[in-house]
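Each chain is listed here by its residues.
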Amino acid sequence: MHYYQYHQPLGILGIRWIEQEHGWTGVWTRRGSSNVFDARWTKPGQIDVTAVLTISVSDNRYVTIERRNSSDGVNCNYTGTISSDGTTANGNYSCTPSGGGAWSAKIHRLPTLGKRWIEREGYFDGVWTRRGDSNIFDATWKYYKVGGPQLPITVTAVLTIHMVGRNVTIERRNSSDGVNCNYTGIVEEDGMTVNGNYSCTPSGGGTWMAYIHQY
């Protein structure tokens, strides 16, 4: 059994970061498509702290954050790295007039159709490639069960993918094996992992999962 590696462009800042530092939980909310975030930190028994963050990413990995206009009068600078899958970040921070330590965050994104989906259903691995900016994908599946029954090595089909919020519906038609299917699923908070169920005609179905690549 084998698995695909997946990556997402790290310049995408997402819509919200959930951050931890020294017992505080921060919620950083992005202003539109800018690199400015409105941040609020909470900690039991403490007064909430708010600030404005400017987040910059270089080399698709390294992150620097300026925290200014803090309600507690403490401004800070953060440095860190974003994980290879683009879903988390961690590093260190230092503050003026004093303070600092380690921080970590989970990056939340709104899902998009991306450019390519890497999918698994049963004993088939699928690669779904988007046609331009449409919602039509050309799909190819390969059977990977070593020593299993002799089934067609490769199956192709055309997919129409609809995404409303985090809900996904997919129509699989023109299948080379004569089996057409309908998929439903939910995109997880990371904005790129999809899980769901599918049913086929004349028979078959089960669970499926996919990773959405943005390139």
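Just above sits the structure.
Criteria and thresholds
- Residues numbered from 1 in each chain as written.
- Predicted model: local features only at pLDDT ≥ 70, side-chain atom pairs only at ≥ 80, totals over all residues.
- Heavy atoms only, no water.
- Helix = DSSP H or I, 4+ residues; strand = E, 2+ residues; numbered from the N terminus.
- Buried < 20%, exposed > 50% of the residue type's maximum accessible area, 1.4 Å probe, protein only.
- Phe/Tyr/Trp six-rings, centres within 6.5 Å; stacked < 30°, edge-to-face > 60°.
- Lys NZ or Arg CZ within 6 Å of the ring centre and 35° of its normal.
- Contact = heavy atoms within 4.5 Å.

*Asks:* Let's hear about unusual backbone geometry: which residues, and what values?
*Replies:* Cis geometry is found at the peptide bond from threonine 96 to proline 97, where omega equals 15°. Structurally, proline 97 is set in the loop between β7 (88-96) and β8 (100-108). Despite not being glycine, histidine 22 shows a phi value in the positive range, around 50°. The exposure class assigned to histidine 22 is exposed, which follows from its relative accessible area of 64%.

*Asks:* Go over the packing of aromatic side chains, please, and point to the residues and values.
*Replies:* Within the structure shown, the criterion is met by 16 aromatic pairs. Ring centres 5.8 Å apart and planes at 75° place the aromatic pair tryptophan 28 and tyrosine 78 in the edge-to-face group. In this pair, tryptophan 28 is assigned in strand β2 (residues 24-30) and tyrosine 78 in strand β6 (residues 75-82), connecting sequence segments 50 residues apart. Residues tryptophan 117 and tryptophan 128 carry aromatic rings whose centres are separated by 5.7 Å and whose planes lie at 20° to one another, so their mutual orientation is stacked. Taken together, the residues tryptophan 117 in strand β9 (residues 116-121) and tryptophan 128 in strand β10 (residues 124-130) connect sequence positions 11 residues apart. Across the pair, exposure class does not vary: tryptophan 117 and tryptophan 128 are buried alike. Members of the aromatic cluster, each reached through a chain of ring pairs, are Trp17, Trp28, Phe37, Trp41, Tyr78, Tyr93 and Trp103. A cation over a ring is seen here: arginine 67 above tryptophan 41, with NZ or CZ 4.3 Å from the ring centre. The positively charged end of arginine 172 is found above the aromatic ring belonging to tryptophan 141, 4.3 Å away from the centroid.

*Asks:* Mind laying out the environment of threonine 160, listing which residues take part and the relevant values?
*Replies:* Inspection of the secondary structure assignment puts threonine 160 in strand β12 (residues 154-164). By relative accessible area, which is 18% here, threonine 160 ends up buried. Considering only alpha carbons, one finds threonine 160 and glycine 45, 115 residues apart in sequence, at a separation of 51 Å. Those residues in contact with threonine 160 that lie beyond four places of it in its chain are Asn135, Ile136, Thr169, Ile170 and Glu171.

Scope: geometric values only; no functional claims are made or implied.
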